[in-house]
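Structural description and commentary
Each chain, written out:
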Amino acid sequence: MQLANFTLHRLLSPISIRCTPAAVINRTLRSSPALLGKKYAKYYFTPKKIFRKEEIYRVPKTQLILPHERLDPLNIPEPSAPTATESGLLEQLASAVNHEQSTSGRPFAIVHLVGKQYKVSEGDLVQLVGKSLLAELGDELVLEKVLALGFTDFTLYGRPMLSRDCVTVRATVVEKTLEPPKIRFEFRKRQNFRRMNIHQTNATVLRIGSIEFNKPAVQQAL
Amino acid sequence: MHLTCPLWVRRIPKIYRNNDPFYLRNLYLQFSFLFRGRSSRCFRLAEQRVIKAFQHMNAMRAVRKDRFKQLCDERIDAACAQHGIPGKMLIDGLGRMNIQLNRKMLQQLAIYEPYSFKSLTDLVKQYHSELGIVPPNAEPPAPVVTRGLLQSPIVPGNRKFYE
C-alpha cells in the first residue's frame, strides 16, 4: 500500500487542500496506513479509537522516579529520626492530632499531580487530561506531593509541601483511554482558508484509595 | 498498461476522490444538528452558521481560562471579605509564605472547608502584622504561633522545617 500513501500525500498537499472529507482525516490516515481502502466513509468527522494508535509519550524527567527513590507501596519505610523540637508546642494541636481518628470524618488532601492540583479524599476519581502515564492499569501509585491535609479538627499546610513521612496518599490507575475527539477549525474570511483538525488526547483516570496519616511524624515535626 | 501517477490517481476508486457534493455538505450538516430553522437542514445556510460556531469555539478557548480565573478571584474575594481581608492580600501573602495553593484550590477551600480557609486568613494577617501592615476593618487574628518562621526564607540551613 505504499504507492497509495504516496499518491494521497500528493493529493493532500497543503496548498490545494480544501475541507474535503479526505482532508478531515488526513492526519489520522497517515498514522494508520493499514486502514486505507477500508470502509471509512462514515468516519469522516467522527473518528473513533480505531484511527489512533497507542502512543507512548515521552515522560518528562520530573515525573520519573529514580530507582533509589522508588517506594514499595506495600512497604513504606518507617519515619526518619525525630527533628529538633522547640518549646512552646501547640497543645491544642497536639491533642487534636492525638485524638484524631480516621473513622470519624473524611480527610481531604490537596495533591499536586502532573502540573495541577486536586482536592482529594477517599474514593475520588481523578482524571489527568492529556497525559498518558507509564503506569499500567491496576498499578498502585503513592502521590507524594501533598500540599495540604485536612481533618475534622485541624489542617496541615505544607510550605510548599508536607513531608513524605506524614502522609501517604494511595491511588490506582483505573482507566487509560482517549478523550472524545476535539475539533479545531480555522477560518479566515475572503481568503479561501479553511482548516479542520480533529485530535484526541490521552486521559488516565486514578481512583484514590486511602489517605494515611502518620501521627508520630507529625508530632515530632510540631 | 503503465500509468503515471496523476493518471493512476484517477483510477483509484471513488472512495479516495469524492466528487459527489453530498459528502462535503453532509459534513457541515452533521455539525448543524439542532440549529434553528433551515440552518439545520439546508447546506447553504448551515455552512455559514457552522463556520461561525467554530469561530466562537476557537475564540472561547482563551477566554474560558480567563473567566475561570475571574470566578476564582471573585469567590476568594468574597470569602476573604468575611474575615476582613482583600482577596489579593491572601494570594500575595500565601505566595510570600511559600504556600503554593492555587486559586482553584483556594476557592474550593473557601466553599467547602471554611475553617481551613479561616486559618489561612489568620496566617496572612499574622504575616502582615509582623511587617507592620494592618488591614483596615479586620478582626484581630486568632492566636498564631509562628516561632519566627513565617518571615524566614527557605534556605538550605532551615530545610529541615520544609521537608
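Just so it is clear, the model here is predicted, and its values are computed rather than measured.

**Observations concerning the pattern of salt bridges**
All names here are of chain B. With the rule as written, the count across this model stands at nine salt bridges over all chains. Between D73 and R103 there is a salt bridge, with its nearest N and O atoms 2.4 Å apart. With a gap of 30 residues between them, D73 in helix α3 (residues 43-81) and R103 in helix α5 (residues 103-112) connect regions that are remote in the sequence. The class of D73 is partly exposed, set by a relative accessible area of 28%. D122 is the salt-bridge partner of K118, the closest N and O atoms lying 3.6 Å from each other. Taken together, the residues span about one helical turn, with K118 and D122 both in helix α6 (residues 114-131) at a distance of four residues. Note on D122: relative accessible area 8%, which makes it buried.

**A look at the confidence of the model for chain B**
Residues and elements named next belong to chain B. Per-residue pLDDT for chain B averages 82, and the proportion of residues at 70 or more is 79%. Averaged pLDDT values for the elements of chain B fall to 58 in helix α1 (residues 5-11) and rise to 94 in α5. We note a pTM of 0.65 for the whole complex and an ipTM of 0.75 for its interfaces.

**Quick look at the packing of α3 of chain B against helix α4 (residues 87-96) of chain B**
Residue and element names in this part refer to chain B. Between α3 and α4, whose axes approach to 7 Å, the crossing angle comes to 100 degrees. As judged from the angle between their axes, α3 and α4 are roughly perpendicular. Across from D73, I76, D77 and C80 in α3, the residues of α4 making contact are G87, L90 and I91. Grouping the constituent residues of the contact of α3 with α4 by class yields four nonpolar, one polar and two charged.

**Brief notes about the sheet that holds strand β6 (residues 155-157) of chain A**
A sheet is described by the order of its strands in space; here four strands give the open sequence β2-β1-β5-β6 (chain A), paired in antiparallel fashion. The open sheet terminates on both sides in strands that have one partner only, identified here as β2 (116-121) and β6 of chain A. Across the sheet, the mean angle separating the axes of adjacent strands is 15 degrees when strand polarity is ignored. Bridging between strand β5 (residues 146-150) of chain A and β6 of chain A involves three bridges; their strand directions are antiparallel. What sits directly across from L149 of chain A, in β6 of chain A, is L156 of chain A. Packed on one face of the sheet, α5 of chain B meets β1 (108-113), β2 and β6 of chain A and runs near 30 degrees to β2 of chain A. Those strands touched by α6 of chain B are β1 and β6 of chain A, and its axis lies near 45 degrees from that of β6 of chain A.

**Notes on a positive patch on the surface**
Positive charge collects at one region of the surface, where K189 and R190 of chain A together with R49 and K52 of chain B lie side by side. Residue position: R190 of chain A is located in the loop between β8 (182-188) and β9 (193-199). In this structure R190 of chain A comes out as exposed when scored by relative accessible area, which is 76%.

**Considering the sheet that holds strand β7 (residues 167-178) of chain A**
Residues and elements named next belong to chain A. On the basis of which strands lie adjacent, the open sheet formed by four strands has the order β3-β10-β7-β4 and antiparallel pairing. Of all strands in the sheet, those bounded by a partner on one side alone are β3 (125-129) and β4 (140-143). Going from strand to strand, the sheet's axes swing by 35 degrees on average, the running direction of each strand aside. Sheet analysis places β7 next to strand β10 (residues 202-213), joined by ten bridges and oriented antiparallel. Bridge assignment links L178 to a residue of β10, and that residue is N202.

Cut-offs applied
Residues numbered from 1 in each chain as written. Chains lettered and ligands numbered in written order. Predicted model: local features only at pLDDT ≥ 70, side-chain atom pairs only at ≥ 80, totals over all residues. Heavy atoms only, no water. Salt bridge = Lys/Arg side-chain N within 4 Å of Asp/Glu carboxyl O. Helix = DSSP H or I, 4+ residues; strand = E, 2+ residues; numbered from the N terminus. Buried < 20%, exposed > 50% of the residue type's maximum accessible area, 1.4 Å probe, protein only. pLDDT = per-residue confidence, 0-100. Axes fitted to C-alpha atoms, helices over the stretch in contact; angles between N-to-C directions. Parallel < 35°, antiparallel > 145°, perpendicular 65-115°, else oblique. Contact = heavy atoms within 4.5 Å. Nonpolar A, V, L, I, M, F, W, Y, C, P; charged D, E, K, R; others polar. Pairing = 2+ DSSP bridges. Patch = residues over 30% accessible without salt bridge, like charges linked within 9 Å, V, L, I, M, F, W, Y side chains within 5 Å. Areas by Shrake-Rupley, 256 points an atom, 1.4 Å probe, with all protein chains shown as cover. Lys, Arg positive; Asp, Glu negative; His and termini not counted. Charge placed at Lys NZ, Arg CZ, Asp CG, Glu CD.

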